[in-house]
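This is what each chain is made of:
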Amino acid sequence: GVVAFAKEMADKGLGKPKLSLQFELSASGITALVKAEAAVEETYTVEEEVEVEDDGVTNTTEDESEEEKKNNTEADGENKTDDSHEVKKEKKTIKVQKEKKRLHKKELTVDTYHVGRVTPYSAELLAASKAKLLEMARNDKERMMLEEAKNRVESYIYYIKNKLTDDEEE
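Residues numbered from 1 in each chain as written. Predicted model: local features only at pLDDT ≥ 70, side-chain atom pairs only at ≥ 80, totals over all residues. Heavy atoms only, no water.

**Description of the overall build of the protein**
Point 1. Along the backbone of the protein there are three helices and three strands.
Point 2. Mapped in sequence order, the helices and strands of the protein form the string α-β-β-α-β-α.
Point 3. Burial status across the protein gives 9% buried among its 170 residues.
Point 4. Of the contacts made within the protein by residues no fewer than 6 positions apart, 73% connect residues no fewer than 24 positions apart.
Point 5. For the protein, the accessible area works out to roughly 15500 Å², and carbon and sulfur atoms hold 50% of it. (Helix = DSSP H or I, 4+ residues; strand = E, 2+ residues; numbered from the N terminus. Buried < 20%, exposed > 50% of the residue type's maximum accessible area, 1.4 Å probe, protein only. Contact = heavy atoms within 4.5 Å. Areas by Shrake-Rupley, 256 points an atom, 1.4 Å probe, with all protein chains shown as cover.)

So, in structure tokens, the structure goes:
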């Protein structure tokens, strides 16, 4: 599916896709591909209209001298209204070009195949292996029980031998 997706994105002029692969390691040490995903990021520009507040200060009398400005601002006890400055708040709409990004994703199908000598167990082979392990465990238990019985008999023989030698010495 990677080749088809790459061709589709190349036809649209978007470039090469980035692949994301997720693997899983089984208990037997065999890796398996679980999930594959291809993604291409597209960058495009969009014109948007944005409203901006314009705080403009306009002078009605341009010939006002610096001394008059100082006098108007230094009036301490008096409330003066300055008619020469007017504050206007206007809303303007400005067209702005913004860059946006879009992500094209596609989940790819995963086909599994095995190369080499190591292959995962089939259901039948797994059942046969479990049965063989149970049989081997049963055989080990029988062997351990037999060894324990032989050990008990041997220890009893040494016990009787030691008792007889002790009785002869007395």
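Additional details are given in the paragraphs that follow.
**Points about the nonpolar core**
Burial of nonpolar side chains together is a common tendency in soluble globular proteins.
Point 1. Core analysis: the largest hydrophobic core is formed by seven residues, namely Phe-5, Met-9, Leu-14, Ala-36, Ala-38, Val-40 and Leu-108.
Point 2. Counting only elements with at least two residues in this core, the list comes to helix 1 (2-11) and strand 2 (31-59).
Point 3. No other element matches the three residues that strand 2 contributes to this core.
Point 4. Here Val-40 is in contact with Phe-5, Met-9, Leu-14, Gly-15, Lys-16, Pro-17, Arg-102, Leu-103 and His-104, once residues within four sequence places are set aside. (Core = buried A, V, L, I, M, F, W, Y, C linked by side-chain atoms within 4.5 Å.)

**Side note on a nonpolar patch on the surface**
Point 1. Together, Val-2, Leu-19, Leu-21 and Phe-23 give the surface a local cluster of nonpolar side chains, amounting to about 370 Å² of exposed area.
Point 2. Of all the elements, strand 1 (residues 18-25) adds the most residues to the nonpolar patch, at three residues.
Point 3. Summarising the element assignment, Leu-19 is placed in strand 1. (Patch = residues over 30% accessible without salt bridge, like charges linked within 9 Å, V, L, I, M, F, W, Y side chains within 5 Å. Salt bridge = Lys/Arg side-chain N within 4 Å of Asp/Glu carboxyl O.)

**Concerning the pattern of salt bridges**
Side-chain pairs of opposite charge can arise where the charged atoms are in close proximity.
Point 1. Following the criterion strictly, the structure yields eight salt bridges and no others.
Point 2. The closest approach of N and O atoms between Lys-12 and Glu-8, which form a salt bridge, is 3.9 Å.
Point 3. When its relative accessible area of 36% is taken as the criterion, Glu-8 is described as partly exposed.
Point 4. Between Arg-143 and Glu-147 there is a salt bridge; the shortest N-O distance is 3.3 Å. Note that Arg-143 and Glu-147 are positioned in helix 3 (residues 123-169) at a spacing of four residues, about one turn of the helix.
Point 5. For Arg-143, a relative accessible area of 42% puts it in the partly exposed group.

**Quick notes on the confidence of the model for the protein**
Point 1. With 78% of its residues at a pLDDT of at least 70, the protein reaches an overall mean of 77.
Point 2. Considering only residues more than four positions removed or in separate chains, one finds that residues 57-80, a stretch of pLDDT under 50, has 19 contacts. (pLDDT = per-residue confidence, 0-100.)

**With respect to the side chain of Glu-37**
Point 1. Following the sequence through the fold, Glu-37 ends up in strand 2.
Point 2. Among buried charged residues, Glu-37 stands out as having no salt bridge; its nearest opposite-charge side chain is Lys-105, 4.0 Å away. (Lys, Arg positive; Asp, Glu negative; His and termini not counted.)

**A short note on a negative patch on the surface**
Point 1. On the surface, Asp-166, Asp-167, Glu-168, Glu-169 and Glu-170 cluster together into a negatively charged patch.
Point 2. By the element assignment, Glu-169 lies in helix 3.
Point 3. Glu-169 sits in the exposed class, given a relative accessible area of 67%. (Charge placed at Lys NZ, Arg CZ, Asp CG, Glu CD.)

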